[in-house]
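# Overview (structure and organization)
Residues per chain, in single letters:
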Amino acid sequence: MLSLKVAHIEDATPRIKRIELVSADGGTLPAFTAGAHIDLELGNGEARSYSLLNDPSETNRYVIAVLREANGRGGSAWIHDSLREGDPLGSPAPINHFRLSEDGENHILIAGGIGITPIASMAARLKALGKNYELHYCARSAEEAAFVNELQSVHGDKLKLTLDGGDPSRGLDVTALLAKRPSAGHAYVCGPAGLIRAVREAGREWPKGTVHYELFKGSEEDIALRKSDQPFDVVLNKSGRTLHVPADLSLLDVLKAEGFKIKTLCKEGVCGTCIVGLISGKADHRDDVLSDDEREESMQVCVSRAMPGETLVLDL
Ligand code: FES
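Keep in mind the model is a prediction, meaning the values are calculated, not measured. (Residues numbered from 1 in each chain as written. Predicted model: local features only at pLDDT ≥ 70, side-chain atom pairs only at ≥ 80, totals over all residues. Heavy atoms only, no water.)

## Describing the pattern of salt bridges
Enumeration according to the criterion identifies 17 salt bridges in this entry. The residue arginine 286 makes a salt bridge to aspartate 229 at a minimum N-O spacing of 2.7 Å. Of this pair, arginine 286 sits in the loop between β15 (283-284) and α8 (292-295) while aspartate 229 sits in the loop between α6 (220-223) and β12 (232-236), and the two are 57 residues apart along the sequence. Pair check on accessibility: arginine 286 and aspartate 229 agree, each one buried. Note that arginine 241 and glutamate 258 form a salt bridge whose closest N and O atoms lie 2.6 Å from each other. In this pair, arginine 241 is assigned in strand β13 (residues 241-245) and glutamate 258 in the loop between α7 (251-257) and β14 (275-280), connecting sequence segments 17 residues apart. (Salt bridge = Lys/Arg side-chain N within 4 Å of Asp/Glu carboxyl O. Helix = DSSP H or I, 4+ residues; strand = E, 2+ residues; numbered from the N terminus. Buried < 20%, exposed > 50% of the residue type's maximum accessible area, 1.4 Å probe, protein only.)

## A closer look at the nonpolar core
Leu109, Ile116, Ile119, Met122, Leu135, Tyr137 and Leu151 are the most contacted members of the largest nonpolar core, which has 29 residues in total. Those elements giving two or more residues to this core turn out to be β5 (62-67), β7 (106-112), α2 (116-129), β8 (132-139), α3 (148-155) and β10 (185-191). By residue number, the principal contributor to this core is α2, which donates six residues. Two domains each donate at least three residues to this core, and these are domain 1 (2-91) and domain 2 (106-215). Setting aside residues no more than four positions away along its own chain, leucine 109 makes contact with Ile119, Met122, Ala123, Leu126, Tyr133, Glu134, Leu135, His136 and Tyr188. (Core = buried A, V, L, I, M, F, W, Y, C linked by side-chain atoms within 4.5 Å. Domains from an automatic or database assignment. Contact = heavy atoms within 4.5 Å.)

## Thoughts on the sheet that holds strand β18 (residues 312-314)
Strand order across the open sheet formed by five strands is β13-β12-β18-β14-β16, with mixed pairing between neighbours. Edge strands, defined here as strands with exactly one partner in the open sheet, are β13 and β16 (298-300). Taking the axes of each pair of neighbouring strands and ignoring which way they run, one obtains an average angle of 40 degrees across the sheet. The pairing of β12 with β18 spans three bridges and is classified as parallel. Across the sheet, residue valine 234 finds its bridge partner in β18, namely leucine 312. (Pairing = 2+ DSSP bridges. Axes fitted to C-alpha atoms, helices over the stretch in contact; angles between N-to-C directions.)

## Brief notes about the packing of aromatic side chains
Considering all chains together, one arrives at one aromatic pair under this definition. Centroid distance phenylalanine 32 to tyrosine 62: 5.9 Å. Interplanar angle 80 degrees. Geometry classified as edge-to-face. Pair noted here: phenylalanine 32 is in the loop between β2 (16-23) and β3 (37-41) and tyrosine 62 is in strand β5, with a separation of 30 residues, a long-range link. Of note, lysine 158 hangs over the ring of tyrosine 133, and the distance from its end group to the ring centre comes to 5.0 Å. (Phe/Tyr/Trp six-rings, centres within 6.5 Å; stacked < 30°, edge-to-face > 60°. Lys NZ or Arg CZ within 6 Å of the ring centre and 35° of its normal.)

## A word on the packing of α2 against α3
The contact between α2 and α3 brings their axes to 11 Å, and the two run at 15 degrees. Classified by the angle their axes make, α2 and α3 are roughly parallel. Here the hand of the crossing between α2 and α3 comes out left-handed. Judged by residue contacts, Ile116, Ala120, Ala123, Ala124 and Lys127 of α2 engage Leu151, Val154 and His155 from α3. Taken together, the residues of the contact of α2 with α3 sort by class into six nonpolar, one polar and one charged. (Parallel < 35°, antiparallel > 145°, perpendicular 65-115°, else oblique. Left-handed = near helix turned anticlockwise from the far one by under 90°. Nonpolar A, V, L, I, M, F, W, Y, C, P; charged D, E, K, R; others polar.)

## Regarding the pairing of β2
Of all eight residues making up β2, eight are buried, and the element is well covered by its neighbours. With eight bridges connecting them, strand β1 (residues 2-13) and β2 associate as antiparallel partners. By the bridge assignment, aspartate 11 is partnered in β2 with lysine 17. With six bridges connecting them, β2 and β5 associate as antiparallel partners. Each bridged residue has a counterpart across the sheet, and for isoleucine 19 the counterpart in β5 is isoleucine 64.

## Overview of helix α1 (residues 75-82)
The complete set of buried residues in α1 reads Gly75, Ser76, Trp78, Ile79 and His80. Looking at the buried positions of α1, the neighbouring elements they touch are β2, β4 (47-51), β5 and β6 (88-91).

## Comments concerning the side chain of asparagine 54
Note on placement: asparagine 54 falls in the loop between β4 and β5. Of note is the side chain of asparagine 54, whose polar atom sits 2.9 Å from the side chain of glutamate 58. Ignoring any residue separated from it by four or fewer positions in sequence, one finds asparagine 54 in contact with Phe32, Arg61, Tyr62, Val63 and Ser121. (Polar contact = N/O pair within 3.5 Å; in protein donor to acceptor, adjacent residues only side chain to side chain.)

In structure tokens, the structure reads:
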């Protein structure tokens, strides 16, 4: 666990605070890679994941941006209302589920709203690597678009801002943008679920592993237990036990009730903490962290289930 201290807080927009964290003892911080996040333990007893937005070459600070969420679970409100400069905060070292493919040559970065945070860090890294990249930043209005001046001064005309005024028909045309994959091209998107869906759909003909995405926060429609959910069985390979997961409980609920100590953080399929090895069976993956390849051998048990009629064999 890292001991951090809030070095600076400022308003990036009326609803977004930019927060700079340093090591409490004044030393250097563990290095991070572009797209990484930290899991801050807040003073209200909650923990929340925040992407690091600064240049990954910096080891003296972690910079995050926090949007006050009107319908959030209290983490963003606590940060906006109670966190002060000088306050201590704890976090494990940064982890990264949204990595740049640095061997790619042409990179299309797409950010929606507060999803600019990991994308800004990725853009800084691509610039340092001398790669070709475009940075598409979508927001409702200029007032709600954080860090535009800084991004413009670093990335110049590689920054393409789309302000849709809340009208999706005036939004970024991701279908046109991804219609043709550039040579050794990769696309990355972070933002609301609708934008991520549109980008994944637009890039469906791109080779596996070249369209990367991270949902800024759990999408209610993806994580909620659904009316259509079916019960299913899981076989635990190490113990040989079989557990039944009813339609109205998650796999995580059942594992915990049976005494398995599964580490969790977000419980929304976005942090990657509750990963469990999947040996066989088709899972209904509802997370936003695992790549297609990773999904063949693991699953996030807080949100994912079995496909209808499937029995899963887990590495537990
Ligand atoms: S606890 Fe975060 S993905 Fe499951």
